[in-house]
Amino acid sequence: MLFTHLLTRPLIGAEISKPARKYAAEMLAELHPFWEQQAVFVRDDFIYWDVLDKLANADLITRMSRAVSPPAKRILVVANFNGFLEQDNRRSKAERQLEELFRHASTDGAIVVWIEPHMNKATTSGGLFSGIIKWVKEGWSRFARVNTEGEVSDPFLTSECRFQSPLTPSQLHAVRLSVLRLDLGRYK
Amino acid sequence: MKTIRPGIISVRAVNQYRRRDVLSYLGLRYYLANSATLTDDWARLVASDLLLTRTDPIYFGAYHFKECKECGGVEHRAMSLPGPNEALAEAALLDECSNYPIAFDNPPCVFSYRLNKGENRSGVFRHYIEGLQDRQRAIAKACDDRPNGIVLYTDLKRFYPSISTDVALNAWRKQAGVGGLPTRFRDLGEKIIFDHSRACNPNDKGILTGPMFSHLVGNLVLRELDEKLSKCLPARYFRYVDDITLVGDEGEMLQSLSTLKDCFNDMGFSLHDDASQKNFKVSVSEWLKGRDDFLKSRRPISWPTLIGDLKKFLFFKPEKREELQNAFRAEGVRIPMRDYSNVVCERDFRERIRAFVQNPWFTRKIRGVSIASLLSQAMWLRNTYEMEFSNLAETTNALQGYSRKRNIPKLRYRASRLIYLATDDVLASLCLVARELPELHFHSHVMKAVASGNIDDVLPLGTNAAQATAQPLKAAGRRCTTSIQELSEKTEQALSVFLLNGLTVDRSANISIGTSDLMRFAVSGSDISLMKSAEQFIREIACLHGLTEHPRHSEILDAAFDKDEDMALDAIDQLQGESSGAGIY
């Protein structure tokens, strides 16, 4: 391995489920030695976060602000949220908290990558992504915008690949994703 | 394989820091080994962004030989070497400043650290010798106007460490405002000044000695005062870094000196005492005898012609490098041979050469340079310098005052070149001659070490002395020895420099080579623990080096970075900071 630039980054994992946080921490621990060989040093920190709880949201924002000073470029990865948000009107209840989180994260050059399974609940009109895009365009436009730069004209993209499951090696399983990118910053 | 030619900013940074310290240079070379970093856009956008958003300052504290104390010991200069990313971001910042001459060009009375401009890749600043030559011309003109006057030299004590953070920030903000510097670069300058204040010694006021940006800050801080003094003093006023020269008659001089002291004291600087050896006076008529001391040699064979031809040869016939090295070694010549084989693979280079080879003048010029012609030039220079050095040393021994001062740079010039040219036996005898002159302390130790391979006397001098010795020893294919039984921080750094150069150092079993991170990096290259070192500079360069079976330092030092990279000759360049007259022909 040659020519590696030193990269030291904090990673804050925010998740409501305790077992999920534990799995994530264990998986990252296994990855650390490989990253370090590439001069990538990650300080991970997994915390409880319920998007519907204003205080848990405030804790996450505080943690995020303290993680790096001066504020560096941030990337917020939001994943696999539609199952939770598309029930019991939770999307609407989460709006304030998500707005607050994204607004605090909106330093120059920050981005949000929101990944969901390619399912109707996420991608159809009226689904999760169209709801997020509506919030961005109508209420969050001073600090967020949907990225449609370059050859990307769609508000979100979809992708599909197949993988060999270790449980059933004879079969290929498909994984289909849809990805929305938001740029954060200060916009007029 | 075709490769991309480095951008102007990266070549300038490499050339500038090569003359400063080998560790800075190596760090930059490892950084720039990634082709994405070679572009000017990377330096301006990415490197500057990484610097603006970093949390901790990254500087390596190296010890350089400064001068001999009157009591006999050695005084070191504490250098703070910026990490590779900062060195590149700093070069981008200084390049940007060069676009605003109203704000950042020196006033006419200041000759040091003038920003390079346009396509010139020789360094972030114009070569120091140009400034010294211009200062000499300006003083000569002032002397012509006052034939019965006197010339007075004085200098400021501890110039850079005496600049406080507030003074530096005010000067920077003011000139950035005058020029209309873009906010991003204005912030970058402020960030560097702020980081200097965090990294500086508690006894110092804020600005570090070592980073290139400090030189610009130094000039900006004194800018108003330079302009005022050059207008209001009765004597003529000239400045080169911290060296101040006044030209006037006795009365003008007394009044000027008093004003000068008051003005500098008000700004927090102090001049050396009247009794200090740093201050001296000479009549204009005496001074004018040396007015041409800085003129370039008009000899058909000179050091610049030899080095120029050597570079041309290696450049156009890289496959003959080993043959040339062996021929030089057989004659006892220790000039290092850079490897240009990577450079000639650059697409840009091949296209330009294709156009050049159609020019008959060009092909004639190249054909005229051969191993035999290079050896012949080297032998002629060896004989000439040996004779001149011996004669000058003999006469200098009996001289005092200005006549002696004029001879010292001429002696140093020849001594540093003889380190590359003279045979071991001759160099050993010349070092005894040099030892008789206290002003040649540094040279005599380097000469002795290069002639004998024993580096005991060089190790305590600092990393600049170590590199000045290591490079010719490596070119000679020599092993070195040391009988030192215990390493201090300074000798450990110096020993690391020999190891970074790939030299084998026979040493006592008492000396462990794993005692410091720098030494481990020098011996083994990188490993995971060095990539996590608490010493941030070592951590950065260890990561840039990457995990390899063997260290790559020696290979990197041998390989040229770009066609416009200077042929670094450390026994000459490393003296730049120690003697402002190092370039006298």
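Quick caveat: nothing in here was measured; it's all calculated off a predicted structure.

Student: Please set out the overall build of chain A residue by residue, giving values where relevant.
Tutor: Assigned secondary structure in chain A consists of 6 helices and 7 strands. Each helix and strand of chain A, ordered N terminal to C terminal, gives the series β-α-β-α-β-α-α-β-α-α-β-β-β. Each principal axis of the C-alpha distribution contributes one length, and for chain A these read about 45 × 45 × 40 Å. Taken over 188 residues, chain A has a buried fraction of 35%. Summarising the internal contacts of chain A: among those between residues at least 6 apart in sequence, 73% fall at separations of at least 24. When the accessible surface of chain A is split by element, carbon and sulfur atoms take 53% of a total near 11,400 Å². Placing the 25 positive and 22 negative side-chain charges of chain A at their respective mean positions leaves the two points 4 Å apart.

Student: Please set out the overall build of chain B residue by residue, giving values where relevant.
Tutor: In terms of regular secondary structure, chain B is built from 26 helices and 8 strands. The C-alpha radius of gyration of chain B comes to 24 Å, within 12% of the 25 Å expected for a compact globule of 585 residues. Expressed as lengths along the three principal axes of its C-alpha atoms, the size of chain B is roughly 65 × 60 × 55 Å. Buried positions account for 58% of the 585 residues belonging to chain B. Here the contacts in chain B between residues at least 6 apart in sequence split such that 75% fall between residues at least 24 apart.

Student: Tell me about the layout of surface pockets, and name the residues and values.
Tutor: The gaps left among the atoms become clear once a water-sized probe is rolled over them. Residues and elements named next belong to chain A. If you add up the space inside the second largest pocket, you get close to 1,400 Å³. Forming the boundary of the second largest pocket are 41 residues, of which Leu-11, Ile-12, Gly-13, Ala-14 and Val-77 lie nearest the centre. For the lining of the second largest pocket, the secondary-structure elements that each account for two or more residues are β1 (7–15), α1 (18–37), β2 (40–48), α2 (54–67), β3 (75–79) and β4 (111–117). Among the elements that make up the lining of the second largest pocket, the one with the highest residue count is β1 (8 residues).

Student: Give a description of the nonpolar core that names residues and reports values.
Tutor: Within the largest apolar cluster, 189 residues are counted, with the highest numbers of intra-cluster contacts made by Trp-172, Trp-303 and Phe-498 of chain B. Apart from the residues within four sequence positions on either side, Phe-498 of chain B is in contact with Ile-455, Val-458, Leu-459, Ala-466, Thr-469, Ala-470, Leu-473, Cys-480, Leu-503 and Val-505 of chain B. Counting 33 residues, the second-largest nonpolar core is a separate cluster that includes Ala-56, Ala-94, Trp-135 and Ala-144 of chain A.

Student: Kindly report on the pattern of salt bridges, identifying the contributing residues and their values.
Tutor: All names here are of chain B. Enumeration according to the criterion identifies 53 salt bridges over all chains in this entry. Measuring nitrogen to oxygen at the nearest pair gives 3.2 Å for the salt bridge that ties Arg-520 to Asp-527. Assessed through its relative accessible area of 22%, Arg-520 is described here as partly exposed. Residue class for Asp-527 comes out partly exposed when judged on its relative accessible area of 26%. Each of Arg-54, Asp-56, Glu-86, Lys-191, Asp-195 and Arg-198 takes part in a single network of salt bridges with overlapping partners.

Student: Any chance you could break down the sheet that holds strand β3 (residues 150–155) of chain B for me, citing the residues and the numbers?
Tutor: Residues and elements named next belong to chain B. In spatial order, the strands read β4-β5-β3-β6; together these 4 strands make up an open sheet with antiparallel pairing. Strands at the two margins of the open sheet, each flanked by one partner only, are β4 (236–240) and β6 (280–283). For this sheet, the mean angle separating the axes of adjacent strands, direction not counted, is 20 degrees. Taken together, the 6 bridges between β3 and strand β5 (residues 243–248) define a ladder with antiparallel strand orientation.

Student: Residue-level account of the environment of Thr-245 of chain B, with values.
Tutor: All names here are of chain B. Within the secondary structure, Thr-245 sits in strand β5. In this structure, the C-alpha to C-alpha distance between Thr-245 and Ile-193, residues 52 residues apart in sequence, is 29 Å. Dropping the residues within four chain positions of it, Thr-245 is found in contact with Arg-135, Ile-139, Val-151, Leu-152, Tyr-153, Arg-236, Tyr-237 and Phe-238.

Student: Give a description of the packing of helix α18 (residues 401–421) of chain B against helix α20 (residues 441–452) of chain B that names residues and reports values.
Tutor: Residue and element names in this part refer to chain B. Their axes nearest at 10 Å, the elements α18 and α20 cross at an angle of 15 degrees. Classified by the angle their axes make, α18 and α20 are roughly parallel. Crossing handedness for the pair α18 and α20: left-handed. Between α18 and α20, the contacting residues are Arg-412, Ala-415, Ser-416 and Ile-419 on the first element and His-443, Val-446, Met-447 and Val-450 on the second.

Calculation criteria
- Residues numbered from 1 in each chain as written.
- Chains lettered and ligands numbered in written order.
- Predicted model: local features only at pLDDT ≥ 70, side-chain atom pairs only at ≥ 80, totals over all residues.
- Heavy atoms only, no water.
- Helix = DSSP H or I, 4+ residues; strand = E, 2+ residues; numbered from the N terminus.
- Buried < 20%, exposed > 50% of the residue type's maximum accessible area, 1.4 Å probe, protein only.
- Contact = heavy atoms within 4.5 Å.
- Areas by Shrake-Rupley, 256 points an atom, 1.4 Å probe, with all protein chains shown as cover.
- Lys, Arg positive; Asp, Glu negative; His and termini not counted.
- Charge placed at Lys NZ, Arg CZ, Asp CG, Glu CD.
- Rg over C-alpha atoms; globule rule 2.2 N^0.38 Å.
- 1 Å grid on protein atoms, 1.4 Å probe; cavity = no way out; pocket = protein on both sides within 12 Å on 5 of 7 lines; lining within 4 Å.
- Points joined across faces, edges and corners; volume = space filled by probe spheres on them.
- Core = buried A, V, L, I, M, F, W, Y, C linked by side-chain atoms within 4.5 Å.
- Salt bridge = Lys/Arg side-chain N within 4 Å of Asp/Glu carboxyl O.
- Pairing = 2+ DSSP bridges.
- Axes fitted to C-alpha atoms, helices over the stretch in contact; angles between N-to-C directions.
- Parallel < 35°, antiparallel > 145°, perpendicular 65-115°, else oblique.
- Left-handed = near helix turned anticlockwise from the far one by under 90°.

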